[in-house]
Every structure is written in C-alpha cells, then in structure tokens.
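So the chains spell out like this:
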Amino acid sequence: MNDFFANTDLSFQQQTLADSFVCMGRGLHTGLRVVMSVMPAEPNTGIEFVRRDVTHTDNVVLARWDKVSDTELSTTISNDSGIRVSTIEHLMAALNASGVDNARIVLDAPEVAIMDGSSKPFIEQIQKVGLVRQNAERQVIVIKRPLGITENKASASYLPSAVPWLDMSIEFSQRLIGRQRLSLPFTSQLFCEEVAGARTFGFAEHLAELKRRGLARGSSLDNAILIENDKVVNGGGLRYADEFVRHKFLDAVGDLALAGHYVIGHFKGHRSGHRMNNQLLRELFASNAWEMMPLRQAHDVWADFMHEQEALVHPLSA
C-alpha cells in the first residue's frame, strides 16, 4: 500500500475518451430499445447525458448528485425541464473506475442500456477506445472528517483515508445470499478484476408486481440474476461466489461517482442502496467534512503521510 498512487493509473490531468463507442440494448425497467453513443467531451464538462429523442426543450442532463430525482431500483437524474435519464449507475461506475472525467452520452431513450446487467461491457468498450489526457488539472474531493447517515438497519458513511477505499456489506433473509461483505481499495485494476462483471439481481416472487408497476419490463436471464426458491435460475450460475455484494459495491461506485470528482476517502455502506448513497452525498456537500484540491496536492499529502509513518518505524533512517 506504500505505493498506492504509483500503482494506479490516476492522472494529475483530467481525462476523456480517445474515441467514441456505441452500445445498443434495452432498458432494464422500460424495456425500450436504446442506441447510446459515449463520446469524448471538453475539459471540465464532467459527465453529461443528452436525450436526442427530445427536441422540444433542454435535453441535456448532468450526471450530478443534486440532479438525482428517483432512486427506486436504479438511479435516475433529471434536468430543470423534467427530462430524465435512468439506470445510469453501471455506466457511471465504469467511467469513474476507468478514470474518465469528461464524457458526453447521447441516447435515444429515457434509460441507459442494461447490457448484461454489469459494468463489464462498458469497461471493455472504454479499454478498447482508450483515454487521452487533457490540458486541465484533475481536482479531487478529500474527506477531512467522518460523516454518516443511519436508517433502521442500514448505514452509509465517509471516513478520512489516505487512499480511496470502499467497504460494502449486505444482509438478506434468503440463505443463498445471507451476509456478504467486500472491502477493497478503489483502483481501476481491482474494480475491473473483482467487481465490474457482477450483475444486478432480483427475486422471482417480486417480478410480477414490478412489471405491474412498469418496472423490470426489459429484464431477462441475459441481463440479471434471477433467484427463485433460494436458487439461481440462470443456467450459467454465478460469476462470483459473492456476486450479490459485488454488485452492490458496483452500484455504490456508480452512485458516488455523481459527486462529480474522484473521492479520496473511505466509504462504508451496510445495506445501503441508491437512495442512501445519494443521501450521503447530499449530507456531504451540505457539510464542511470535505475539501477540494488538485490530485497532485493530494498525492503530496499522501507522500508526507507515508514519510511520517516510515519515520515512526525507522526513526534513524528518516
């Protein structure tokens, strides 16, 4: 861990895609066919969605924590004209974990394509086109003081940490899932290897009611894990023994990416979902528990910290 920053592909400069790529699929909840282009964007743009099927009003929706308008079973963002884009979390997780600061996503439907229910297809496309560094300094959010929220048996918090870290735990009554936990430093490599392929999941007994309410209309065994009678219905089984907590970890990465900047701190979530993840961001930005600084400065703070630790262990060599 001494070489955390050296062993990641974090750039002191902002980054965007080196080229565009196109994804085609269906919306998990709407069931609508989606054609989506993910394109490079100028420095300091952030991530923005453009509804090209909307022409009568403002069709640009910023991917930002204060634009979240719905968190039922997915994360939805809206602009001031009421134009929505839903189920953005898997794509947001892929962009954030890959180090993409600026991108323009143009789509012809109100929901991001679900693909296989994970971030893996997006990660593969990002890796295929590659990234370019931009002539703008990357700013990061550094957590300075502990901050958290609790609701019933669920909780979400940020703690100061010298490196980005995520810790997610879940607890389900179904024996197939039960209690699971995943705790990892947040690096592109670890996300790609350990998290990106984890798929969304649901329960057979809830499916009819969800569809009656206009949800899960695009769900299938090709884009979600289906659980029935405490068993996985999908023929291929699970990709990871603990795929369920890995997907909740993935969701948290996507939800917290709406901070708009890379966060250097320790996120801890227990049974937290889209709503609580967004509420944590709202609490964070309403507080003085954070500081914005150039990544280069955060790197220097980390280097000073490691030098101090080395001095404590080896006082004569410091």
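Up top is the structure.
Computed from a predicted model, the values in this text were never measured in an experiment. (Residues numbered from 1 in each chain as written. Predicted model: local features only at pLDDT ≥ 70, side-chain atom pairs only at ≥ 80, totals over all residues. Heavy atoms only, no water.)

*Asks:* Please clarify how the state of the cysteines should be interpreted in this entry.
*Replies:* Structurally, a disulfide amounts to a covalent bond that connects the sulfur atoms of two cysteines. Applying the stated criterion across every chain yields a total of zero disulfides. Looking at the unpaired Cys23, the closest cysteine sulfur is the one in Cys192, lying at 15 Å. (Disulfide = S-S within 2.5 Å.)

*Asks:* Please explain the nonpolar core as it appears in this structure.
*Replies:* Generally speaking, nonpolar side chains in soluble globular proteins are found buried as a group. Counting residues in each nonpolar core, the largest one holds 80 residues, and the members touching the most others are Met36, Ile47, Phe49, Val112, Tyr158, Phe191 and Phe267. For this core, the element with the highest residue contribution is helix 5 (residues 243-256), accounting for seven residues. Among residues more than four places away in sequence, those in contact with Val112 are Arg26, Gly27, Met36, Phe49, Val85, Ser86, Thr87, Ile88, Leu91, Leu107 and Phe122. (Core = buried A, V, L, I, M, F, W, Y, C linked by side-chain atoms within 4.5 Å. Buried < 20%, exposed > 50% of the residue type's maximum accessible area, 1.4 Å probe, protein only. Helix = DSSP H or I, 4+ residues; strand = E, 2+ residues; numbered from the N terminus. Contact = heavy atoms within 4.5 Å.)

*Asks:* What is the right way to look at the pattern of salt bridges in this model?
*Replies:* Two side chains that carry opposite charge are able to pair once their charged atoms sit near each other. Taken as a whole, this structure holds 17 salt bridges when the rule is applied. As a salt-bridge pair, Asp101 and Arg138 come within 2.6 Å of each other at their nearest N and O atoms. Taken together, the residues Asp101 in the loop between helix 1 (89-98) and strand 9 (103-107) and Arg138 in the loop between strand 10 (131-137) and strand 11 (139-143) connect sequence positions 37 residues apart. (Salt bridge = Lys/Arg side-chain N within 4 Å of Asp/Glu carboxyl O.)

*Asks:* Whenever I open this one, helix 2 (residues 120-129) confuses me. Can you help?
*Replies:* Quick reminder: α-helices carry 3.6 residues per turn. Residues three or four places apart thus point the same way. Within helix 2, burial applies to Pro121, Phe122, Ile123, Ile126 and Val129. Check the buried side of helix 2 and you find it contacts strand 1 (13-17), strand 2 (21-26), strand 3 (33-40), helix 1, strand 10 and helix 3 (188-194). A positive phi of about 80 degrees marks Gly130, the residue just after helix 2.

*Asks:* Mind showing me how you'd approach the sheet that holds strand 12 (residues 147-151) here?
*Replies:* Neighbouring strands of a sheet are bound in pairs by backbone hydrogen bonds; such pairs are parallel or else antiparallel. Reading across from one edge, 12-13-20-14-15 is the order of the five strands in this open sheet, with mixed pairing throughout. Each edge of the sheet is formed by a strand with only one pairing partner; in this case those strands are strand 12 and strand 15 (179-185). This sheet shows a mean twist of 5 degrees between the axes of neighbouring strands, independent of strand direction. Here five bridges tie strand 12 to strand 13 (residues 154-159), and the two strands are oriented antiparallel to one another. Each residue of the ladder has a partner; that of Glu151, found in strand 13, is Ala154. (Pairing = 2+ DSSP bridges. Axes fitted to C-alpha atoms, helices over the stretch in contact; angles between N-to-C directions.)

*Asks:* Can you walk me through the side chain of Arg51 in this structure?
*Replies:* Along the chain, Arg51 turns up in strand 4 (residues 47-51). Engagement of the side chain of Arg51 in a polar contact is seen with the backbone oxygen of Arg84, the distance being 2.7 Å. (Polar contact = N/O pair within 3.5 Å; in protein donor to acceptor, adjacent residues only side chain to side chain.)

*Asks:* What's the story with the packing of aromatic side chains in this structure? I'm lost.
*Replies:* Describing an aromatic ring pair means giving the distance of the ring centres and the angle of the ring planes. Under the defined criterion, the tally for this structure stands at nine aromatic pairs. When the ring of Trp65 is compared with that of Phe285, the centres are 4.9 Å apart and the planes differ by 15 degrees; the resulting orientation is stacked. You can see Trp65 sitting in the loop between strand 5 (60-62) and strand 6 (68-70) and its partner Phe285 sitting in helix 6 (residues 274-285), a full 220 residues away along the chain. We classify Phe285 as buried; its relative accessible area is 18%. Ring plane angle 90 degrees and centroid distance 6.4 Å describe the contact between Phe201 and Phe203, whose orientation is recorded as edge-to-face. An aromatic cluster is defined as three or more aromatic residues linked by ring pairs; in this entry it consists of Phe172, Phe201, Phe203 and Phe244. (Phe/Tyr/Trp six-rings, centres within 6.5 Å; stacked < 30°, edge-to-face > 60°.)

*Asks:* Got a minute to help me understand unusual backbone geometry in this structure?
*Replies:* Although it is not a glycine, Ala216 sits at a positive phi angle of roughly 55 degrees. In this structure, Ala216 sits in the loop between helix 4 (204-212) and strand 17 (225-228). At Asp230, a residue that is not glycine, the phi angle is positive and equals roughly 65 degrees. Mapping Asp230 onto the fold places it in the loop between strand 17 and strand 18 (231-232).

*Asks:* When you look at the sheet that holds strand 17 in this model, what are you seeing that I'm missing?
*Replies:* Judged by pairing direction, the sheet is mixed, and its three strands sit side by side in the order 16-17-18 without closing on themselves. Since the sheet does not close on itself, it has two edges, and those belong to strand 16 (201-203) and strand 18, each with one partner. With two bridges connecting them, strand 17 and strand 18 associate as antiparallel partners. The residue bridging Glu228 from the neighbouring strand is Lys231, located in strand 18. Lying over the sheet, helix 4 contacts strand 16 and strand 17, oriented at roughly 90 degrees with respect to strand 16.

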